[in-house]
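Listed below are the residues making up each chain.
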Amino acid sequence: QVQLMESGGGLVQSGGSLRLSCAASGNTFKMSDMGWYRQFPEKPREFVASIISTNGSTTYADSVKGRFAISRDNAKNMLYLQMNSLKPEDTALYYCHTLLRTRPWEIWGAGTQVTVSS
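Predicted model, so just to flag it, every value in this text is computed and none were measured. By convention here, each chain's residues receive numbers from 1 onward along its written sequence. Side-chain atom pairs in this predicted model are given and counted only at pLDDT of 80 or more, local residue features only at pLDDT of at least 70, and totals for whole chains, interfaces and linings cover all residues. In computing side-chain properties, one takes all heavy atoms of the structure into account and sets aside hydrogens as well as water.

S.K.: Now, about the overall build of the protein: what can you tell me, with residues and values included?
M.R.: Put simply, DSSP marks the helices as runs of H or I at least four residues long and the strands as runs of E at least two long, and each gets a number from the N terminus on. Along the backbone of the protein there are zero helices and 11 strands. Of the regular secondary structure in the protein, the N- to C-terminal order runs β-β-β-β-β-β-β-β-β-β-β. Since a compact globule built from 118 residues should have a radius of gyration of about 13 Å, the 14 Å found for the protein is in line with a globular shape. Along the first, second and third principal axes, the C-alpha set of the protein runs to 45 × 30 × 20 Å. Burial here depends on accessible area, computed with a 1.4 Å probe over protein chains only, as a share of the maximum for the residue type. Under 20% is buried, over 50% is exposed, and the range in between is partly exposed. The buried share of the protein, taken over its 118 residues, is 42%. Note on contacts: a residue pair qualifies if any of its non-hydrogen atoms lie within 4.5 Å across the two residues. Residue pairs in contact within the protein that sit at least 24 positions apart in sequence constitute 55% of those at least 6 positions apart. Note on method: radius of gyration uses C-alpha positions; expected globular size equals 2.2 Å times residues raised to 0.38.

Set out below in structure tokens:
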């Protein structure tokens, strides 16, 4: 099976930066496209950014476009999210996600908390 573990969350002031990391382990050859999602208290999880496994093409939510950058190091089985110009409204639990080529078709990490103070 594939396991994902996020790190890099924490407390930062408004306007600051953080870099989230997601380490994949296990049967990583089954991994396909990857992404980051976030969840606000009492709200559904929402899409933040994704990266296509075949060509590295990226997609971003409008709310983070121009401030966040997703990247992937396939050799190290790592996924990153560089977050710049952070705002208090970016405060959320951030999850790493991967699609799989076999069942169960997708895996989620446990999440890492990002808190942006005003």
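S.K.: Lay out the state of the cysteines with the relevant residues and their values.
M.R.: Note on terminology: pairs of cysteine sulfur atoms within 2.5 Å are recorded as disulfides. Counted according to the given criterion, the structure contains one disulfide. Between the sulfur atoms of Cys22 and its disulfide mate Cys96 the distance is 2.0 Å. The sign of the -80° torsion about the S-S bond sets the Cys22-Cys96 disulfide as left-handed. Placement of the pair is Cys22 in strand β3 (residues 18-26) and Cys96 in strand β9 (residues 92-100), with a sequence separation of 74 residues. Like Cys22, the residue Cys96 is buried in the burial classification.

S.K.: Which residues make up the pattern of salt bridges, and what are the values?
M.R.: Salt bridges are counted wherever a side-chain nitrogen of Lys or Arg sits within 4 Å of a carboxyl oxygen of Asp or Glu. Evaluation of the coordinates by the stated rule reveals four salt bridges. Here Glu46 and Arg38 are joined by a salt bridge, their closest N and O atoms 3.0 Å apart. Accessibility expressed as a relative area gives 3% for Arg38, which makes it buried. A salt bridge links Arg67 to Asp90, with the shortest nitrogen-to-oxygen separation between them at 2.7 Å. Separated by 23 residues along the polypeptide, Arg67 in the loop between β6 (58-60) and β7 (68-73) and Asp90 in the loop between β8 (78-83) and β9 bring together distant segments of the chain. Both residues of the pair, Arg67 and Asp90, count as buried. Bridged by salt links that share partners, the residues Arg38, Glu46, Arg67 and Asp90 form one connected network.

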